[in-house]
Amino acid sequence: MLSVTLTDFIDRHYRHFNAAALQAAAEAWRDLIEDGGQMLLTLAGAMSTAELGLSLAEMIRAGKVHAICATGANLEEDLFNLVAHDHYRRIPDWRALTAAQEKDLERRGLNRVTDTCIPEAEAFRAIGTPLGELWRAADAAGERRLPHEYLYQLIRNRALADRYRIDPADSWLVAAAEADLPLFVPGWEDSTLGNFLVAEQLAGGLSRPGPVLAGTEYMAALADWYAHTTTGCALTDLPEIDAKPDAGPEARPVGFFQIGGGIAGDFPICVVPMIRQDLRRWCPYWAYFCQISDSTASYGSYSGAVPNEKITWGKLDVDTPKFVIESDATIVAPLIFGYVLGW
């Protein structure tokens, strides 16, 4: 029997409709990286609880993903899975659950995400306790950091290592911390750990505004990263909007790969018009765009807007390679990652 790689299989069989869009998007991602470009990936939905880290961690280690913008839920749920995986409960017939059965899950401390229940004690509280210690130490020292920097600190100081219940090589957050990957988490407050922070402040254990920086700081950090990556210049050194500079030796085109919609996608893509239209400084448009989504544009959905609509907002250019794959990201994303990795 002939041995066929995943890449060869996709090239041969994925020829039409969403399958063709998947193949074209994967090939264009591979070409962007081979030509010296970089990729920012966005994570919405429950991708971490879906264990996308199994393939995403390898993408980070292989240098195929260079920055991530994630929801607060995806940030923390990868860490929850790392320390509590053995205590998760899968419910294959979740659609048949009655309200009484859902209430029983609550009493047992099992928080359901579709077919998977995250355990309150072994996940939420296990992370909240050492994280709270880091917050209080920073607060006492008058220090403020971005939300993910505290999680990076937990991973790097191995405070949780004895709790790991999966191979840390399968955690995208561990891979990101080890690579010091630029990470942006807009709306982090909409998360379990964000709730922990506010509860601690309301109880008087932390000051206000406290040791955790807010979302606007992430936009500033993203602008610094995008400017330096795409032009080789610091944000403050970018020329006026009408004075396009020659590309420096450090300049790299940056693509945008969006899983789902919402704030994880809408927030980072706006850094380009923010620099160009609000700062009135020159920077390139995103060099590639792909979205995996099932949103419908006719409902007025930003997440479902066709890529060309983004041209009107100053995010993409006419010749930006653009792809939309209308499918399930838990199926599609690992296939694309495998293609880019050459599996």
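Just above, that's the structure.
The structure presented is a predicted model; accordingly, all values stated were derived computationally and were not measured.

S.K.: Help me out: how do you make sense of the overall build of the protein chain in this one?
M.R.: Within the protein chain, the secondary structure is distributed over 14 helices and nine strands. On C-alpha atoms alone, the protein chain measures out to a radius of gyration of 21 Å, which is about the 20 Å that the 2.2 N^0.38 rule sets for 343 residues. Dimensions of the protein chain, computed from C-alpha atoms along their principal axes, come out at roughly 60 × 55 × 40 Å. Counting over 343 residues, the protein chain shows a buried share of 50%. Considering only residue pairs separated by 6 or more positions, the protein chain has 76% of its internal contacts joining residues 24 or more positions apart. Accessible area of the protein chain: about 16,100 Å², with a carbon and sulfur share of 50%. Charged side chains in the protein chain number 29 positive and 46 negative. The centres of these two groups are separated by 3 Å.

S.K.: Help me understand the sheet that holds strand β4 (residues 110-113), please; the structure alone is not making it clear to me.
M.R.: Strand pairing in a sheet relies on backbone hydrogen bonds, with the paired strands running either antiparallel or parallel. Spatially, three strands are ordered β3-β5-β4 in an open sheet, and the strand pairing comes out antiparallel. In this open sheet, the two edge strands, each paired with only one partner strand, are β3 (89-90) and β4. Taken together, the two bridges between β3 and strand β5 (residues 116-119) define a ladder with antiparallel strand orientation. Bridge assignment links R89 to a residue of β5, and that residue is C117. Across the sheet, helix α6 (residues 120-140) lies against β4 and β5, angled at about 50° from β5, the strand it touches most.

S.K.: Teacher, can you tell me more about the packing of aromatic side chains here?
M.R.: Any two aromatic rings considered together are summarised by their centre-to-centre distance and by the angle between their planes. Taken as a whole and assessed by the stated rule, the structure comprises ten aromatic pairs. Seen from their ring centres, W29 and F337 are 6.0 Å apart, and the 85° between their planes marks the pair as edge-to-face. Here W29, found in helix α2 (residues 17-34), pairs with F337, found in helix α14 (residues 329-341); they are 308 residues apart in sequence, far enough to count as distant. Each member of the pair, W29 as well as F337, is classed as buried. With a centroid separation of 4.9 Å and an interplanar angle of 50°, the aromatic rings of F80 and F124 are classed as tilted. You can see F80 sitting in helix α4 (residues 72-84) and its partner F124 sitting in helix α6, a full 44 residues away along the chain.

S.K.: Explain the pattern of salt bridges to me, please; I cannot follow it from the model alone.
M.R.: Opposite charge on two side chains makes pairing possible when the charged atoms of those side chains draw close. Applying the stated criterion to the full structure yields twelve salt bridges. A salt bridge links R61 to E58; the shortest N-O distance between them is 3.1 Å. Of this pair, R61 and E58 are both found in helix α3 (residues 53-61), three residues apart, which corresponds to roughly one turn of the helix. According to the relative accessible area criterion, E58 is partly exposed, its value standing at 30%.

S.K.: Just checking my understanding: could you explain the sheet that holds strand β1 (residues 38-43) for this structure?
M.R.: The strand order β6-β2-β1-β7-β8-β9 describes an open sheet built from six strands, whose pairing is parallel. Either end of the sheet is taken by a strand with one partner, and the two such strands are β6 (183-184) and β9 (322-325). With four bridges joining them, β1 and strand β2 (residues 67-70) adopt parallel strand pairing. Residue T42 lies in a different strand from β2, and its bridge partner there is C69.

S.K.: It is not clear to me how the pairing of strand β8 (residues 288-292) should be interpreted in this structure. Could you clarify?
M.R.: Within a regular strand, the side chains alternate between the two sheet faces. With five of five residues buried, β8 is to be regarded as a mostly interior element. Residues Y288, C290 and I292 line one face of β8 and the alternating positions F289 and Q291 line the opposite face, and both faces are buried. Of the strand pairs in this sheet, strand β7 (residues 254-259) and β8 are connected by five bridges, and their pairing is parallel. By the bridge assignment for β8, Q258 is matched with Q291. In the sheet, β8 pairs with β9 via four bridges, with the strands oriented parallel. Within β9, the position partnered with I292 by the bridge is I325.

S.K.: Honestly, α2 in this entry has me stumped. Any pointers?
M.R.: An α-helical turn contains 3.6 residues, so any two residues separated by three or four positions project in the same direction. With 18 residues, α2 extends 26 Å from end C-alpha to end C-alpha; this agrees with the ideal 26 Å at 1.5 Å per step. Among the residues of α2, those classed as buried are A21, L22, Q23, A25, A26, A28, W29, L32 and I33.

S.K.: Can you help me understand the nonpolar core in this one?
M.R.: Across soluble globular proteins, you tend to see nonpolar side chains buried next to one another. In terms of nonpolar packing, the biggest core is built from 101 residues, with W29, L56, W172 and I259 touching the most fellow members. Not counting residues within four places of it along the chain, the set of residues in contact with I259 comprises L41, T42, L43, A44, M47, L52, I292, A329, A333 and F337. Residues I91, L97, L105 and L110 belong to the second largest nonpolar core, which totals five residues.

S.K.: Please explain the side chain of K310 as it appears in this structure.
M.R.: Along the chain, K310 falls in helix α13 (residues 309-312). In this structure K310 is buried but unpaired, with D266 as the nearest side chain of opposite charge at 6.1 Å. Not counting residues up to four positions away in its chain, the partners in contact with K310 are I269, F289, Y302, A305, K315 and L316.

Reading guide: rules and limits
- Residues numbered from 1 in each chain as written.
- Predicted model: local features only at pLDDT ≥ 70, side-chain atom pairs only at ≥ 80, totals over all residues.
- Heavy atoms only, no water.
- Helix = DSSP H or I, 4+ residues; strand = E, 2+ residues; numbered from the N terminus.
- Rg over C-alpha atoms; globule rule 2.2 N^0.38 Å.
- Buried < 20%, exposed > 50% of the residue type's maximum accessible area, 1.4 Å probe, protein only.
- Contact = heavy atoms within 4.5 Å.
- Areas by Shrake-Rupley, 256 points an atom, 1.4 Å probe, with all protein chains shown as cover.
- Lys, Arg positive; Asp, Glu negative; His and termini not counted.
- Charge placed at Lys NZ, Arg CZ, Asp CG, Glu CD.
- Pairing = 2+ DSSP bridges.
- Axes fitted to C-alpha atoms, helices over the stretch in contact; angles between N-to-C directions.
- Phe/Tyr/Trp six-rings, centres within 6.5 Å; stacked < 30°, edge-to-face > 60°.
- Salt bridge = Lys/Arg side-chain N within 4 Å of Asp/Glu carboxyl O.
- Expected span 1.5 Å × (residues − 1).
- Core = buried A, V, L, I, M, F, W, Y, C linked by side-chain atoms within 4.5 Å.

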